[in-house]
Amino acid sequence: MAQAQTTHATTEAPGGAHEDIGFPPFETETYAGQLLWLAITFVALYILLSRLVLPRLSGIIENRRAMIASDLDDAAAMKSRAEEAGTAYETALAEAKGRAQALAQETRAKLSSESDVKRKALEADLNQRLADAEATITAKKTEAMSHVDAIARDTASAIIERLTGKAPAPQKVEAALNQIKA
Amino acid sequence: MASPIEQFQIKPIIPVINFTNSSLFMIGAAAVIVGGLLLATRRRAVVPGRAQSMAEVLHDFVANTLVDATGKEGMKFFPLVFSLFMFVLTANLLGMIPGFFTVTSHIIVTFALAMLVIGTVVVYGFIKHGTHFLGLFVPSGVPAWLLPFIVVIELISFLSRPISLSLRLFANMLAGHIALKVFAGFVVSLLAAGGALTILAPLPLLMAVALMALEFLVAALQAYVFTVLTCIYLNDALHPGH
């Protein structure tokens, strides 16, 4: 130390004779002190960094990495869930479409069969009425035709009575009419 | 005017415990590193601010350098490599502040750090690989007659590592600071000379400014070089086979 002090004093001297100054990095008597304090400082620095600072720093970085990874995982899971929901929706939609079609078909079939039945019933009813009407016409016609004989007989006897002045025997008129009809 | 090497003088502060200006700046560097990093990471934010980003960049930078050189298993040396890098970088940069002492401009300090690296390599190499670690000096695929020479060369190259590692850092810091001081001294000398010489004073000043920028680069670069070489040497301890 004493020598270092001396050197220092020389440096301060005006005019600075450089030759007199030792080269500080090669002044071996300062080595012990530098090594001692370097050892103390560096060991302290190493311990503080490795125990306190670096765990905190790598903790922050690791934490962020884990957070990003888990967020990405969450995003992937949500995406797959969304895709699943999409497929489920498509399936449901297709199913619903199929069911709607089936329902429509069924309804159409039911409606057409119902209307068929109704139409047939109506037709049967109409046919029935037609037949009834025809039967009535036939009956009326037959009845009317049966009246024609009586009318002809009455008319014939009335004409003969007017012509001859006396009513003919009904049997004769009857016979004459039958003769004409035949 | 003061000599350009006066700035490297070791001045006692508390002589009883050998506490000097060098000790003060070593402790200062360690305090700046630990305090700065703790302050930067105090919020432990997921989205980092500027200071925390810087701390993370330093962490990732050293970690990547180490992993690139040694692979994943080299991360067990991460606290050591990170401490070395931060200590050298901070000591270099603190030395750039005018009037501040540069710890790494002393060969004994850089040599001690280099020996710490080589010592770690040797001790870990022998513990992990035993005598197999000596295979570091015997490259495979060399003809038998050539082997003695190769072993000697490898041995010399291995032994010169702490010297080159420490000298490189020491010489860079020393030379840079001397050059700065010399050019700054020219400014003062020219101003003092008076007359026509005074007009020339801005020229060495410009040079000193340019050198200052260069020295900042050197301060960071030498810390990086020291770290990269440390990683490469540690790789030998982890994988001694060539």
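All of these numbers come straight from a predicted model, not from anything done at the bench. Counting from 1, residues in each chain are numbered in the order their sequence is written. Starting at A for chains and at 1 for ligands, labels are handed out in the order in which the entities are written. Thresholds applied to this predicted model are a pLDDT of at least 70 for local features of residues and 80 or more for the giving and counting of side-chain atom pairs; totals over whole chains, interfaces and linings are not thresholded and use all residues. Derived side-chain values reflect all non-hydrogen atoms in the structure, with water molecules and hydrogen atoms excluded from consideration.

J.: Where do I start with the interface of chain A and chain B in this structure?
T.: Interfaces are often sized by the accessible area lost when the parts come together. Taken together, the 41 residues of chain A in the interface contact 50 residues of chain B. At the boundary of chain A with chain B, total buried surface from both sides reaches about 4,200 Å², with 77% on carbon and sulfur atoms. Salt bridges are identified by distance alone: a Lys or Arg side-chain nitrogen within 4 Å of an Asp or Glu carboxyl oxygen. Joining chain A to chain B, the criterion identifies 1 salt bridge. Here Arg64(A) and Glu56(B) are joined by a salt bridge, their closest N and O atoms 2.8 Å apart. Within 3.5 Å is the distance limit for a polar contact, defined as a pair of N or O atoms, with the added protein rule that one can donate a hydrogen and the other accept it, and that residues adjacent in sequence qualify only through two side-chain atoms. Here chain A and chain B share 7 residue pairs in polar contact (both at pLDDT 80 or more) between them. Strands are runs of DSSP state E lasting at least 2 residues, helices are runs of H or I lasting at least 4, and numbering of each runs from the N terminus. Within the residue set of the side of chain A that touches chain B, elements represented by two or more residues are α1 (2–12) and α2 (31–164) of chain A. By residue number, the principal contributor to the side of chain A that touches chain B is α2(A), which donates 25 residues. We call two residues in contact when some of their heavy atoms are within 4.5 Å. What gets called buried area is simply the loss in accessible area from a 1.4 Å probe that two parts show on being joined, summed for both.

J.: In this structure, what is going on with the pattern of salt bridges? I would like to understand it.
T.: Pairing is possible between side chains that carry opposite charge, provided their charged atoms lie close to one another. Residues and elements named next belong to chain A. One pass over the full model with this rule turns up 9 salt bridges over all chains. One salt bridge connects Lys79 with Glu83, and the closest N-O pair in it is separated by 3.8 Å. Of the two residues, Lys79 and Glu83 both sit in helix α2, 4 residues apart, roughly one turn of that helix. By sharing partners, the salt bridges in this structure join Asp116, Arg119 and Glu123 into a single network.

J.: Is there a simple way to explain the nonpolar core in this structure?
T.: Soluble globular proteins: nonpolar side chains tend toward being buried together. What we call a nonpolar core is a set of buried Ala, Val, Leu, Ile, Met, Phe, Trp, Tyr and Cys residues that are connected through their side-chain atoms within 4.5 Å. For every residue, the accessible area obtained with a 1.4 Å probe (protein chains only) is divided by the maximum for its type, and the residue is called buried under 20%, exposed over 50%, and partly exposed between those limits. Leu45(A), Leu49(A), Phe82(B), Phe87(B), Val103(B), Leu113(B) and Phe226(B) are the most contacted members of the largest nonpolar core, which has 68 residues in total. With 12 residues, the top contributor of residues to this core is helix α3 (residues 78–95) of chain B.

J.: Looking at this structure, how should I read the packing of helix α5 (residues 147–193) of chain B against helix α7 (residues 202–238) of chain B?
T.: Axis angle and axis distance: for two packed helices, these are the angle between their axes and the distance between the axes, and together they describe the pair. Residues and elements named next belong to chain B. Orientation is described by lines fitted to C-alpha atoms, with helices fitted over the stretch in contact, and by angles between N-to-C directions that extend from 0 to 180 degrees. Direction vectors running N to C along α5 and α7 enclose 175 degrees, while the axes themselves pass 10 Å from each other. What the angle tells us is that α5 and α7 run roughly antiparallel. In this count, Pro and Cys sit with the nonpolar residues alongside Ala, Val, Leu, Ile, Met, Phe, Trp and Tyr, while Asp, Glu, Lys and Arg are called charged and the others, Gly among them, polar. When its residues are assigned to classes, the contact of α5 with α7 shows 21 nonpolar, 5 polar and 4 charged. Angle categories: roughly parallel below 35 degrees, roughly antiparallel above 145, roughly perpendicular from 65 to 115, and oblique for all the rest.

J.: Explain unusual backbone geometry here, please?
T.: One can expect most non-glycine residues to show negative phi and most peptide bonds to be in trans. Residue and element names in this part refer to chain B. In this structure, Asn18 is a non-glycine residue whose phi angle is positive, near 60 degrees. Its identity as a non-glycine residue notwithstanding, Arg44 has a phi of 50 degrees, on the positive side. Residue position: Arg44 is located in the loop between α1 (21–40) and α2 (50–70).

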